[in-house]
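A structural walkthrough
Here is what each chain is made of, one letter per residue.
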Amino acid sequence: KLKKQYEHSVEDRNYTGIQLIDRNDELCILYEKSNLRESIAKTGELALRKREDEIRLLTIELTDVGREIDVCQRMLPEVERHQLEILDLQAELEFERRVAEFYSLQLESTENKQRWRRLEGRDPESGELKKKKLKEEKKAGKKGGKVSRRRRGDGSDGEDEDEEEEEEEDEDEEMDLGAGSGAATGKAQFVVISL
């Protein structure tokens, strides 16, 4: 009888040991699951914080956009006024371009007798040009001598020389007027445009 009880107790002990091992294995599995759940929870919290930061930034941006919309709505009447001003200025610019084009054509046209007139004259010959050149050189030389005499204080003949120069200039002017009387040969025509 004791032997049977002993065997029965040994079997109970073995069965309890087996259950203990099974429960220990189950406990390890539960610990692993708990660790996995904790890591998942931490990852979720980090993602949640990240999303909260993004929501905060988007809320700030949304507020800025709302302010910009308010400003644009306030400026909307001024934009319409500016658009009307732009249209008026474009029309005025087009009108001024047409006026400028019209006046340019009128200025370039030779048929408009009110804007130009002919001046008759002739080109001087080479001999006349040489004479005129010599007279101009003499005038320049006399003026240089007169300036040097005035610097030295010798101005006794200055008035006589001035009178002679004035007479020579009058003769040159008469000669130039005679040259512009419209001779038959070598006639040149000049056009004077009045703006």
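Because the structure is a prediction, the values reported are computed rather than measured. (Residues numbered from 1 in each chain as written. Predicted model: local features only at pLDDT ≥ 70, side-chain atom pairs only at ≥ 80, totals over all residues. Heavy atoms only, no water.)

1. Structural notes on the overall build of the protein chain
As a reminder of what qualifies: Labels follow the DSSP assignment, with helices taken as runs of H or I lasting at least four residues and strands as runs of E lasting at least two, numbered in each case from the N terminus. For every residue, the accessible area obtained with a 1.4 Å probe (protein chains only) is divided by the maximum for its type, and the residue is called buried under 20%, exposed over 50%, and partly exposed between those limits. Contacts are residue-level and defined by heavy atoms, with any inter-residue pair within 4.5 Å sufficient. In these tables, accessible area is a Shrake-Rupley quantity obtained with a 1.4 Å probe, and a residue counts as shielded only by the protein chains included in the view.
When helices and strands are tallied, the protein chain shows 3 helices and 2 strands. Beginning at the N terminus, the succession of helices and strands in the protein chain can be written as α-β-α-α-β. Within the protein chain, buried positions represent 6% of all 195 residues. The long-range fraction of contacts in the protein chain, counting pairs at least 24 apart against all pairs at least 6 apart in sequence, stands at 75%. For the protein chain, the exposed surface amounts to about 17800 Å²; the carbon and sulfur share of it is 55%.

2. Let's talk about the pattern of salt bridges
What counts, and what does not: For this analysis, a salt bridge means a side-chain nitrogen from Lys or Arg found within 4 Å of a carboxyl oxygen belonging to Asp or Glu.
Considering all chains together, one arrives at 7 salt bridges under this definition. The salt bridge involving Glu54 is made with Arg51; its shortest N-O contact spans 3.4 Å. Taken together, the residues Glu54 and Arg51, both in helix 1 (residues 2–108) and 3 residues apart, mark about one turn of the helix. Under the relative-accessibility criterion, Arg51 is labelled partly exposed at 46%. The partner of Arg67 in a salt bridge is Asp64, with the nearest N and O atoms 3.7 Å apart. You can see Arg67 and its partner Asp64 sitting in helix 1, 3 residues apart, about one turn around the helix. The exposure class of Arg67 is exposed, given its relative accessible area of 55%.

3. Brief notes about a nonpolar patch on the surface
We count it as follows: The residues that make up patches have over 30% relative accessible area and no salt bridge, and they are joined within 9 Å when like-charged or within 5 Å when they are Val, Leu, Ile, Met, Phe, Trp or Tyr.
A cluster of nonpolar side chains, Val71, Met75, Leu76 and Val79, forms an exposed patch at the surface whose accessible area comes to about 320 Å². Assignment of secondary structure puts Val71 in helix 1.

4. Some words on the confidence of the model for the protein chain
Applied cut-off: The pLDDT value expresses, per residue, how confident the predictor is, ranging between 0 and 100.
For the protein chain, the mean per-residue pLDDT works out to 77, and 72% of the residues sit at or above 70. Segment residues 155–159 is flagged for pLDDT under 50; beyond a separation of four residues in sequence, or across chains, it makes 0 contacts in the model. Of the regions scoring below 50 in pLDDT, residues 174–195 engages in 37 contacts with residues more than four places distant in sequence or in other chains.

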